[in-house]
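Each chain is listed here by its residues.
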Amino acid sequence: MSNRPLRLLPLAAALLLSGCAVGPDYLRPAFLLPSAWTKAEAPAPEATLPADRAGERWWSLYADPILDQLVDEALANNADAQVAAARVLEARAVAGTVDADLYPSLSAGYSGSRSKSTLLGSFPRPADLPRIQNNYRATLDASYEVDLWGKFRRASEAARADLFAAQSAREAVRLSLTAGVTQQYFALLAADAQVKVAERTAATRGETLKLFRQRLEVGALSEYDLRQAEAEEAAARSQLSSLLRERERAETALAVLLGRSPREVLEGAVVRGTPGALPPLTVPAGLPSDLLLRRPDLQEAEQKLIAANARIGAARAQYFPSIGLTAYTGGESVVFSKLFTGPAGIFSFAAAVTQPIWNAGRIGFGVEAAEARRDAALAQYKQAVANAFKDVRDALAAQTAARDALAAETARAAALEKALTAANQRFEAGIASRLDVLDVERNLLAAELARIDAERAQRAALADLFKALGGGWPATAPGTAQNAMENS
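As a starting point, this report considers the structure included with it. All chains use their own residue numbering, which begins from 1 and follows the written sequence. A pLDDT threshold of at least 70 governs which residues receive local features in this predicted model, and a stricter bar of 80 or more applies before side-chain atom pairs are shown or counted, although totals over entire chains, interfaces and linings include all residues. To obtain the side-chain values, all non-hydrogen atoms of the structure were used and water was disregarded.

Side note on the overall build of the chain
Item 1. Numbered from the N terminus, helices here are DSSP runs of H or I no shorter than four residues, and strands are runs of E no shorter than two. Assigned secondary structure in the chain consists of 11 helices and 4 strands.
Item 2. For the chain, with 488 residues in total, the buried portion stands at 36%.
Item 3. Method for areas: the Shrake-Rupley scheme with a 1.4 Å probe, in which residue coverage is limited to the protein chains shown. When the accessible surface of the chain is totalled, it reaches about 27500 Å², and 58% of it is carbon and sulfur. Throughout, exposure labels follow a simple rule: accessible area from a 1.4 Å probe, protein chains only, divided by the maximum for the residue type, with under 20% read as buried, over 50% as exposed, and the rest as partly exposed.

Points about the sheet that holds strand β2 (residues 132-146)
Item 1. Following DSSP output, two strands are said to pair if at least two bridges run between them. With antiparallel pairing, the 4 strands of this open sheet are ordered in space as β1-β2-β3-β4. Bordering the open sheet on either side are β1 (105-116) and β4 (345-354), each of which pairs with just one other strand. Adjacent strand axes in the sheet meet at a mean angle of 20 degrees when their direction is disregarded.
Item 2. Note: β2 against strand β3 (residues 322-333), 11 bridges, orientation antiparallel. When the sheet's bridge partners are listed, S143 is paired in β3 with T326. For helices, the axis comes from a line fit to the C-alpha atoms of the stretch in contact; other axes are also lines fit to C-alpha atoms, and the angle between any two N-to-C directions lies between 0 and 180 degrees.

Concerning the nonpolar core
Item 1. Grouped together as the largest cluster of nonpolar side chains are 43 residues, with contacts concentrated most on W58, Y62, L70, V181, Y185 and L254.
Item 2. If you list the elements that add at least two residues to this core, you get α3 (65-77), α5 (151-217), α6 (223-257), α8 (296-316), α9 (362-428) and α10 (434-468).
Item 3. Joining through side-chain atoms within 4.5 Å is the link that ties buried Ala, Val, Leu, Ile, Met, Phe, Trp, Tyr and Cys residues into a set, and such a set is a nonpolar core. In this structure, F212, A229, L416 and V437 belong to the second largest nonpolar core, which totals 14 residues.

Structural notes on the packing of aromatic side chains
Item 1. Aromatic contacts are taken between Phe, Tyr and Trp rings whose centres are within 6.5 Å, Trp giving its six-membered ring; a plane angle under 30 degrees counts as stacked, one over 60 as edge-to-face, and the others as tilted. As enumerated under the stated definition, the model contains 8 aromatic pairs in all.
Item 2. Aromatic pair F31 and Y381: ring centres 5.4 Å apart, planes at 80 degrees, arrangement edge-to-face. Of the two residues, F31 sits in the loop between α1 (4-17) and α2 (51-54) while Y381 sits in helix α9, which places them 350 residues apart along the sequence.
Item 3. According to the relative accessible area criterion, F31 is partly exposed, its value standing at 25%.

Thoughts on the packing of α5 against α10
Item 1. Axis separation between α5 and α10 bottoms out at 8 Å; the angle between their running directions is 170 degrees. When the interaxial angle is binned, α5 and α10 end up roughly antiparallel.
Item 2. Grouping the constituent residues of the contact of α5 with α10 by class yields 14 nonpolar, 6 polar and 11 charged. When describing relative orientation, an angle under 35 degrees is termed roughly parallel and one over 145 degrees roughly antiparallel, while 65 to 115 degrees is termed roughly perpendicular and anything else oblique. Just so you know the grouping, Ala, Val, Leu, Ile, Met, Phe, Trp, Tyr, Cys and Pro go in nonpolar, Asp, Glu, Lys and Arg go in charged, and all remaining residues, Gly too, go in polar.

Description of the pattern of salt bridges
Item 1. When a carboxyl oxygen of Asp or Glu is within 4 Å of a side-chain nitrogen of Lys or Arg, the pair counts as a salt bridge. A complete count under the given rule lists 35 salt bridges for this structure.
Item 2. Its salt-bridge partner being E73, residue R260 comes within 2.8 Å of it at the nearest N-O pair. In this pair, R260 is assigned in the loop between α6 and α7 (262-267) and E73 in helix α3, connecting sequence segments 187 residues apart.
Item 3. Residue E171 is joined to R174 by a salt bridge in which the shortest nitrogen-to-oxygen separation is 3.8 Å. Pair noted here: E171 and R174 are both in helix α5, with a separation of 3 residues, about one helical turn.
Item 4. Taking relative accessible area as the criterion, R174 reaches 31% and is therefore assigned partly exposed.
Item 5. Through salt bridges with shared partners, a single ionic network connects R205, E232, D439, E441 and R442.

Considerations on the packing of α5 against α6
Item 1. Where α5 meets α6, the closest approach of the two axes is 8 Å, and the angle between their N-to-C directions is 160 degrees. Here α5 is positioned roughly antiparallel relative to α6, judged by the angle of their axes. Like other packed secondary-structure pairs, α5 and α6 cross with a definite hand, here left-handed.
Item 2. The class makeup of the residues in the contact of α5 with α6 is 21 nonpolar, 5 polar and 11 charged. Note on convention: near helix rotated counterclockwise from far helix by under a right angle means a left-handed crossing. Clockwise means right-handed.

Some points on the side chain of D147
Item 1. Topologically, D147 is positioned in the loop between β2 and α5.
Item 2. D147 sits in the buried class, given a relative accessible area of 7%.
Item 3. At a separation of 2.8 Å, a polar atom in the side chain of D147 contacts the main-chain amide nitrogen of K151.
Item 4. For the purposes of these results, a polar contact is taken to be a pair of N or O atoms within 3.5 Å, where, inside protein, one atom must be able to donate a hydrogen and its partner to accept one; residues adjacent in sequence count only when each atom of the pair is a side-chain atom. Polar side-chain contacts of D147 include one of 3.1 Å to the backbone nitrogen of F152.

Let's talk about unusual backbone geometry
Note: most peptide bonds trans; most residues except glycine with negative phi.
Item 1. Positive phi is not limited to glycine here, since A63 has a value of about 55 degrees.
Item 2. Among the secondary structure elements, A63 is positioned in the loop between α2 and α3.
Item 3. For A63, a relative accessible area of 45% corresponds to the partly exposed category.
Item 4. Despite not being glycine, A360 has its phi angle at roughly 60 degrees, a positive value.
Item 5. As for its position among the elements, A360 is in the loop between β4 and α9.

Structural notes on α6
Item 1. Here the expected length of a helix is defined as 1.5 Å per residue gap, with one fewer gap than residues. Its 35 residues place the ends of α6 51 Å apart at the C-alpha level, agreeing with the 51 Å of an ideal helix rising 1.5 Å per residue.
Item 2. Just past α6, the residue G259 takes up positive phi, approximately 75 degrees.

Next comes the structure, spelled out in structure tokens:
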């Protein structure tokens, strides 16, 4: 009976064991999630979110082509976005390096030597041995460590998760960047509007001051009223100066977000558009809450947890023996022309088994450290999920508050405009004092500035909502705005 099958048993056993991998397999943590968002009022027909605005390009809801261009510019040139993209390339390269450990390594070697032996050495040289000798050697070398316990496979799993985490981090940067550009853009538009209001107010008070000086010369006005007018005109110019400074800050901040050059940041200007009115958009009540788990920051946190979990297996595999296989084949000859002939052929095959016995607990400490990192990643993932739902709740509340504040400030400004007209009439009729008119003017200016800021806050709150939701929701998902209207 041949012993050949018996010789193959160790190889078969190694192949079977190579399918095993020590360490825990990943299971997604269970979360107590609400079945859906808090039921909200169904949106009006004009609030239906089109399919092309429900996904990645959510900012097109603002219907501002200039904003669309600025967001595209930021995505292409922003430094944070470029850093995140470079880290994805780095993670991909690292994953490829780790994967290479799963496969044998091959290398080719060649060496040639020429030596001359001494005639006066300690040992006599054989008479048939030439004094000058040549030696040539060419080999194809192979080495492979059998992954019996999944050490390399767990490392590859961790590296792959790190790659996915880097990709999710890149998407999180893109989402944060688009929201930041959107909010900063509308902050710049609001600054423009507030500057126009302040310029109009300063111009009006300047004309009033000229008129009062003329009236003082003819004795139709007291010096007290003139000094009040001078103070109010100076206050208007001071407030205009502050608003101009804030507009410059908003413009330079937006230029930096867009990734523009230092010269453009210092000297350039950002083009503005004219945004349309926002529809009264609300999150559909039927939208499943677990849709939030697709947020890129949550995906990044989960992939980091997967990587930490896989590295526990790689650490535990250090307890078990490792089997290394090495081999080479080639030729060796003292004559180069015969290096690749049959008589010059050489080969070698070797196997080595290494079993750790005592290393002062180094492996155990490594496993404990890997488990601690997994526990930390798990806690961070849970906290990230909780923060995500907090962000959504805050964004929904901000939507309602911003809409109500804008309505209130609009009504307040309209009422004060009428009050100012009445106050001027009363002043001209001698019924009211100039102080009464100035009080109404100051209140109207504050109301107009507050209304502009409330409009900016409403647009910023909408950006925060899409950021909290991870960029919107699929138009085909159950519970979209259209489905919410049909089921209401």
